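# Descriptive analysis of the structure
So the chains spell out like this:
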Amino acid sequence: MIEVVNLTKTFKKVNAVDQVNFYIEPGEIVGLLGPNGAGKSTTIAMLSTLVPPTSGDVLLQQQSVLKNPASLRKVLGVVPQEIALYEELTARENLLFFGNLYKMQKDQLKNRVDTVLQQIGLQHESKKIVKHYSGGMKRRLNIGVAMLHEPDYLIMDEPTVGIDPQSRNHILETVKKLNTESNKAIIYTSHYMEEVEYLCNRIYIMDKGRIIASGTKDEIKAILSSENTILVKLEKHSNDFLSELMSQPLLSNINAKEAEISFTVAKGINYLPTLLTLCEMHHVTLKSYEVKEPTLEDIFLHLTGRALRN
Ligand SMILES: Nc1ncnc2c1ncn2[C@@H]1O[C@H](COP(=O)(O)OP(=O)(O)OP(=O)(O)O)[C@@H](O)[C@H]1O
């Protein structure tokens, strides 16, 4: 298990990371979700022993790694936000180059490169020069470099930034497979809530240098457990109908967009019968009634009053 304990980084007067605590156990995918500037990259840089903390500690199997970074680097692969590859070399040549840097033995390295190329799905394009790769392929190769020395833990710092949606899906699938098939534990930082929701079992939400919520997806979603958001679709509606809805004491956050209306209502209340009566009174036809699951975006908005992406 890797733990960070009261990790703090102050740049002049900026508290980039402020008393952050979290852990990751072997084999799990943990998400670190937060907007730009939340402190994710700085946390990752300290966790991977690249930047010394102002205070706090990083523990591997309960031993501090700050004085003995080699113990952590052996089990940890870091995929940085910036792509670090040689554009004029092929994928295979890049992997061989970085493997030599790690001082891996020749035979072992050759086998390892073949395995890694398979794992990142580039085995059929390994002889192509990297400058002809798509952004997503470069990202996958970047992940491959971090995996050469067979780390148990991988840290990925926003690996889908700046790539097209199709390549992004391919990366998400690669990350998922690394976890399910190769049993890698992964710390995945992102400001895309849908990625973190899709990939991660446990999530830490970060804002302004602090962890503002943490837990499993269900635990985090339970933060909004006291109310449900309902989405209704109508044939068409009238202003009278909308005014009547606005005056209903049990409803709040009413939003109308053409023939779609959303509102929140306390959990446990079935509002459908009342809505049907109102529709009948106003000669409005109800097309659908849906209870929406809260998203991490809703939670972030609830906790901070701001949208995750602005
Ligand atoms: N070397 C530095 N010197 C001064 N301030 C810094 C330095 N590095 C980061 N910061 C500040 O610390 C805060 C956290 O930055 P950080 O890059 O860790 O956030 P982030 O969540 O990773 O954002 P992004 O998604 O944009 O990378 C920001 O206010 C940033 O300006």
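Given the structure is predicted, the values throughout are model-derived calculations rather than measurements. Per chain, residues are indexed from 1 in the order of the written sequence. Local features in this predicted model are restricted to residues whose pLDDT is 70 or higher, and side-chain atom pairs enter the listing and the counts only when it is 80 or higher, whereas totals over whole chains, interfaces and linings include all residues.

## Things to note about the domain arrangement of the protein chain
Convention followed: The source of the domain bounds is an automatic or database domain assignment. Contact between residues is assigned whenever the C-beta positions, reconstructed from backbone atoms, fall within 7 Å. Every helix listed is a DSSP run of H or I at least four residues long, and every strand listed is a run of E at least two residues long, numbered separately from the N terminus. Polarity classes work like this: nonpolar for Ala, Val, Leu, Ile, Met, Phe, Trp, Tyr, Cys and Pro, charged for Asp, Glu, Lys and Arg, and polar for all others, with Gly in that last group.
Each assigned domain of the protein chain is listed with its residue range as follows: domain 1 (2-222) and domain 2 (225-304). For domain 1 versus domain 2, the distance between C-alpha centres works out to 41 Å. If you look at the interface, domain 1 gives 11 residues, while domain 2 gives 9 residues. Sorting the residues of the side of domain 1 that touches domain 2 by element identifies helix 7 (193-199), strand 9 (202-207), strand 10 (210-216) and helix 8 (217-221) as the ones contributing at least two each. No other element matches helix 7, which puts 3 residues into the side of domain 1 that touches domain 2. Here the residues of the side of domain 1 that touches domain 2 sort into 8 nonpolar, no polar and 3 charged.

## Some points on helix 3 (residues 91-101)
Within an α-helix, residues lying three or four positions from one another point in the same direction, as the helix has 3.6 residues per turn. As a reminder, the rule being used: Three exposure classes are used, based on other C-beta atoms lying within 10 Å of a residue's own C-beta, which is placed from the backbone: buried for 20 or more, exposed for 12 or fewer, and partly exposed in between. What the arc covers is the set of directions going from the helix axis to the C-beta atoms.
Buried within helix 3 are the following residues: A91, R92, N94, L95, F98 and G99. Projection of helix 3 onto a plane perpendicular to its axis shows the buried side chains occupying an angular sector of 160°, all on one side. When the buried face of helix 3 is taken as reference, the exposed residues oriented beyond 90 degrees from it are N100 and L101. Buried residues in helix 3 make contact with helix 4 (106-119) and helix 5 (135-147). Where helix 3 ends, the next residue or the one after it, K103, has phi of about 60°, a positive value.

## Topic: the sheet that holds strand 13 (residues 260-266)
Strand-to-strand pairing in sheets goes through backbone hydrogen bonds, with the strands running parallel or antiparallel. Rule in force here: Here the rule is simple: two strands pair whenever DSSP picks up at least two bridges between them. Only the contacting stretch of a helix is used when fitting its axis, a line to C-alpha atoms as for every element, and angles between N-to-C directions run 0 to 180 degrees.
The antiparallel open sheet is built from 4 strands, whose spatial order is 12-13-11-14. The outermost strands of the open sheet, each flanked by one partner alone, are strand 12 (251-257) and strand 14 (286-292). In this sheet, neighbouring strand axes are inclined to one another by 20° on average, regardless of whether the strands run parallel or antiparallel. Across 6 bridges, strand 11 (residues 227-234) lies against strand 14 in antiparallel orientation. Opposite K233, over in strand 14, you have S288 as the bridge partner. Along the sheet face, helix 10 (residues 272-281) touches strand 11 and strand 14 and points at about 155° away from the line of strand 14.

## Points about the sheet that holds strand 7 (residues 153-157)
Across the sheet, which stays open at both edges, the 6 strands sit in the order 6-7-8-3-9-10 with mixed pairing between neighbours. In this open sheet, the two strands that pair with only one neighbour each are strand 6 (76-79) and strand 10. In this sheet, neighbouring strand axes are inclined to one another by 15° on average, regardless of whether the strands run parallel or antiparallel. Summarising the sheet, strand 9 and strand 10 pair through 6 bridges and their orientation is antiparallel. Paired with I203 across the bridge in strand 10 is G215. Against the sheet, helix 5 contacts strand 6 and strand 7, and its axis sits at roughly 160° relative to strand 6. Against the sheet, helix 11 (residues 296-304) makes contact with strand 3 (29-33), strand 9 and strand 10, and its axis sits at roughly 140° relative to strand 10, the strand it touches most.

## Some words on the site of the ligand
Our working definition: We call a residue near a molecule or strand if the C-beta atom, set from the backbone, is within 6 Å of it.
Around the ligand, the surrounding shell holds 13 residues, and the nearest of these are F11, A16, K40, S41 and T42. Of all the secondary structure elements, the ones that give two or more residues to the shell around the ligand are strand 2 (14-24) and helix 1 (40-47). With 3 residues, helix 1 is the single largest residue contributor to the shell around the ligand.

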